[in-house]
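Single-letter residue listing:
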Amino acid sequence: MEDNNFKKIKIFDTTLRDGEQSPGASMNIEEKLNLARQLARLGVDVIEAGFPIASEGDFEAVKAIAAEIKGVEIAGLARANEKDIYRAYSAVKYAEKPVIHTFIATSDIHLKYKLKLTREELYEKAVNMVKYAKSFIENVEFSAEDAFRSDLDFLCRVVEGVIDAGATTVNIPDTVGYATPFEFFDFIKNIKKRIDAGGNIILSVHCHNDLGLGTANSLSAILAGANQVECTVNGIGERAGNAALEEIVAALNVRKDVYKAVTGINMSEIFRSSQLLTHITGISVQPNKAIVGKNAFAHEAGIHQDGVLKEKTTYEIMTPELVGRQHDELVLGKHSGKHAFKEKLISLGYLLNDEEIEKAFVEFKNLADKKKEIYDEDIDSLVAKSHHLEKYELKYVNVVCGDTVSPLSMVKLLVDGELKHDSSCGNGPVDAAINAIEKIVNSKAKVIAYEVKSIRGTAEAQGDVSITVEDKEKQISITGRSAHTDIVVASAKAYVNAINKLYIYDSNLKKSVETEVYG
Ligand code: KIV
Ligand code: ZN
């Protein structure tokens, strides 16, 4: 669709699928639904909701998103085989605009070592599986995994074959983030020439960020004729991640003169989407991250501050408001009532039900007793807590530590409403607290990452702790997060939060799935 000669770029968001493949980014169904609602507010064209064959939990999440989110295409990923495709169809069929996204690798390196197929066998498989997907659903996307390292002629033959078989979108991934912007421009331009003969096909790209070029390559592809980009909020994804949605969209907006393209993204929802993802996964963005990082609009050097005070455009190419970042700092304190608290939640973009508001408000009052000013970041942490169903609740933690004693902790946990307690020593106070909790919950999860940050850099600041735990048996890693003025308490709470998430993940797995007959 053209608008004043500007072409429309479809934004295909894969935060819930490729993004979720980031270590520690696993989300439960409720969290995925929350994020999907926000992605719909953000205005993405396609939400890739998951990989339905991967687990019962993923299947249920895709199904729930398909059933609830209207007005957006909902895609489910499937390898190029009948079982995967039928499973994806069974989950996305509830959507108003369902998409089956099927993929297979086309590079010789994948054919030889991974798939052990000849080019001819691969071609047949790709074409037949697109036909199979097409027998269920009109919108079928085909991805040639590792396309950029594939032989261009062979890739184009496969692309033409799947288009003849009915694919409505053809996606060209740089799966391993190997391309450079000039090369990728030529590559896409060549493919575009061949596809144009095929009519109304969406040409999509999917760029990984291994050399930090994910966004640059996606933008080059747009210049070369791509009309869909696949990306994730905050750039999360496999390894170094995917091209970041906020960077692509902001570049198209700020440099309209170069790209001459528009998206359907509601830019004022960008920052909120980034924040919500951070809260849900516990994975923060680096402070200097473009668009959504803490310092993305901060001017530190005196000469810059002076310039900005005289005229903003001296050092600002866009305003923070453009991407939904507000300068107003409505600071709450212990005298603030529920009304002000609710207003604040709304201004931060949280849509909580009454029970969640009540829970967050109690936590807010407790915090306000300990801390004079409550900032937006504090509210974010409170809301993160109120979002989760809790099997375990930390009631008490006490650690004796210092340079002359070995740390010893005592904890009390409510487990399904029953109070349990235990004690343990450890290598440090945090380790001691976690060991005591583990004696009660017996999760066998292993801590694989621990991060503590200060929310606002003052002495009365809260410590914001993220703990990533791994459950080898379930092959999953999950991040728990909490904030408290005492970092040992924050750590114990973050650990309990991670264990609660693991528990929810388990319950989702056990949830009965509607029996689908594979056919
Ligand atoms: O990176 C990749 O190639 C993918 C495909 C499944 C699209 O994620
Ligand atoms: Zn990918």
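Overview of the structure. (Residues numbered from 1 in each chain as written. Chains lettered and ligands numbered in written order. Predicted model: local features only at pLDDT ≥ 70, side-chain atom pairs only at ≥ 80, totals over all residues. Heavy atoms only, no water.)

1. A word on the overall build of the protein
1) Next: When helices and strands are counted, the protein shows 17 helices and 17 strands.
2) Next: Computed over its C-alpha atoms, the radius of gyration of the protein comes to 24 Å, within 12% of the 24 Å expected for a compact globule of 519 residues.
3) Next: Along the three orthogonal principal directions, the C-alpha set of the protein runs to about 75 × 65 × 45 Å.
4) Next: Relative to its 519 residues, the protein shows a buried fraction of 56%.
5) Next: When contacts within the protein are restricted to residue pairs at least 6 apart in sequence, those whose partners lie at least 24 apart make up 67%.
6) Next: Accessible surface, the protein as shown: approximately 22,900 Å² in total, 52% of it carbon and sulfur.
7) Next: Each charge class in the protein was averaged separately, 63 positive and 77 negative side chains, and the resulting centres sit 1 Å apart. (Helix = DSSP H or I, 4+ residues; strand = E, 2+ residues; numbered from the N terminus. Rg over C-alpha atoms; globule rule 2.2 N^0.38 Å. Buried < 20%, exposed > 50% of the residue type's maximum accessible area, 1.4 Å probe, protein only. Contact = heavy atoms within 4.5 Å. Areas by Shrake-Rupley, 256 points an atom, 1.4 Å probe, with all protein chains shown as cover. Lys, Arg positive; Asp, Glu negative; His and termini not counted. Charge placed at Lys NZ, Arg CZ, Asp CG, Glu CD.)

2. Topic: the packing of aromatic side chains
1) Next: With the rule as written, the count across this model stands at twelve aromatic pairs.
2) Next: Taking the centre distance of 5.0 Å and the plane angle of 90° together, the rings of Y132 and F136 count as edge-to-face.
3) Next: For the pair F341 and F364, a centre-to-centre distance of 4.9 Å together with 25° between the ring planes defines the contact as stacked. Of this pair, F341 sits in helix 13 (residues 338–347) while F364 sits in helix 14 (residues 354–370); the two residues are 23 residues apart in sequence, bridging distant segments of the chain.
4) Next: Classification of F341 as buried rests on a relative accessible area of 0%. (Phe/Tyr/Trp six-rings, centres within 6.5 Å; stacked < 30°, edge-to-face > 60°.)

3. A look at the site of ligand 1
1) Next: Around ligand 1, the structure places R17, D18, H101, F103, S143, E145, N171, P173, T175, H206 and H208.
2) Next: R17 has a polar side-chain atom sitting 3.0 Å from an oxygen atom of ligand 1.
3) Next: H206 is positioned such that a nitrogen or oxygen atom in its side chain is 3.1 Å from an oxygen atom of ligand 1.
4) Next: The protein chains hide 94% of the 260 Å² of surface that ligand 1 would expose on its own.
5) Next: Split into classes, the residues belonging to the shell around ligand 1 amount to two nonpolar, six polar and three charged. (Near = heavy atom within 4 Å. Polar contact = N/O pair within 3.5 Å; in protein donor to acceptor, adjacent residues only side chain to side chain. Nonpolar A, V, L, I, M, F, W, Y, C, P; charged D, E, K, R; others polar.)

4. Details of the sheet that holds strand 3 (residues 10–13)
Strands in a sheet are paired, the pairing made by backbone hydrogen bonds, and the direction either parallel or antiparallel.
1) Next: If you trace the eight strands once around the closed barrel, you get 3-4-5-6-7-8-9-10, paired in parallel fashion. Going from strand to strand, the sheet's axes swing by 25° on average, the running direction of each strand aside.
2) Next: Sheet topology places strand 7 (residues 140–145) next to strand 8 (residues 169–174); three bridges connect them, and they run parallel. Directly across from E141, in strand 8, lies its bridge partner T169.
3) Next: Against the sheet, helix 5 (residues 119–134) touches strand 6 (97–105) and strand 7, its axis set at about 170° to strand 6. (Pairing = 2+ DSSP bridges. Axes fitted to C-alpha atoms, helices over the stretch in contact; angles between N-to-C directions.)

5. Looking at unusual backbone geometry
1) Next: Its identity is not glycine, yet D146 carries a phi of approximately 55°, on the positive side.
2) Next: Looking at where D146 falls in the secondary structure, it is placed in the loop between strand 7 and helix 6 (152–164).
3) Next: The class of D146 is buried, set by a relative accessible area of 0%.
4) Next: A positive phi angle is found at K260, which is not glycine, with a value near 45°.

6. Section: the coordination of the zinc ion (ligand 2)
1) Next: Donor atoms from the polypeptide that bind the zinc ion (ligand 2) are D18 (OD), H206 (NE2) and H208 (NE2), placed at 2.0 to 2.1 Å.
2) Next: As a motif over one chain, the donors of the zinc ion (ligand 2) read D-x187-H-x1-H. Each member of the pair, H206 as well as H208, carries the same accessibility label: buried. (Donors = N, O, S within 2.8 Å, 3.2 Å for Na, K, Ca; no water.)

7. Notes on the packing of helix 2 (residues 56–68) against helix 3 (residues 82–92)
In a packed pair of helices, the relevant descriptors are the angle between the two axes and the axis-to-axis distance.
1) Next: For the pair helix 2 and helix 3, interaxial distance at closest approach is 7 Å and the crossing angle is 40°. It follows from the interaxial angle that helix 2 and helix 3 lie oblique. Along its contact with helix 2, which presents E56, F59, V62, K63 and A66, the element helix 3 presents R87, S90, A91 and V92.
2) Next: Classifying every residue of the contact of helix 2 with helix 3 by side-chain character gives five nonpolar, one polar and three charged. (Parallel < 35°, antiparallel > 145°, perpendicular 65-115°, else oblique.)

8. Side note on the side chain of R87
1) Next: Checked against the element boundaries, R87 lands in helix 3.
2) Next: Residue R87 is classed as buried on the basis of its relative accessible area of 17%.
3) Next: Reaching out from R87, the side chain makes a polar contact with the side chain of E56 at a distance of 3.3 Å.

9. Overview of the nonpolar core
1) Next: Counting residues in hydrophobic clusters, the biggest one holds 96 residues, and the most contacted among them are V44, I47, F142, I172, F184, I188 and I270.
2) Next: Residue contributions to this core peak at eight residues, all from helix 5.
3) Next: Listed in part, the 29 residues of the second largest apolar core include A436, I440, A445 and A492. (Core = buried A, V, L, I, M, F, W, Y, C linked by side-chain atoms within 4.5 Å.)

10. Concerning the pairing of strand 4 (residues 46–50)
1) Next: With respect to burial, strand 4 is a largely interior element, five of its five residues being buried.
2) Next: For strand 3 and strand 4, the ladder comprises two bridges, and the chain directions are parallel. Note on strand 4: the bridge partner recorded for F12 is V46.
3) Next: In the classification by handedness, the crossover that spans strand 3, the intervening helix 1 (residues 29–42) and the parallel strand 4 is right-handed.
4) Next: By the bridge criterion, four bridges tie strand 4 to strand 5 (residues 73–79) in an arrangement that is parallel. When the bridges of strand 5 are listed, V46 appears paired with E73. (Right-handed = clockwise from strand over helix to strand, strands pointing away.)

11. Some thoughts on the environment of R272
1) Next: When you line up the elements, R272 lands in helix 11 (residues 270–281).
2) Next: For the pair R272 and R325, spaced 53 residues apart in the sequence, the C-alpha separation amounts to 8.1 Å.
3) Next: At 3.2 Å, the side chain of R272 and the side chain of E269 are in polar contact.

12. Topic: the side chain of T232
1) Next: Along the chain, T232 falls in the loop between strand 10 (228–231) and helix 9 (245–254).
2) Next: Residue contacts for T232: discarding those within four places in its chain leaves D13, T14, T15, G19, N242, A243, A244, L245 and E246.

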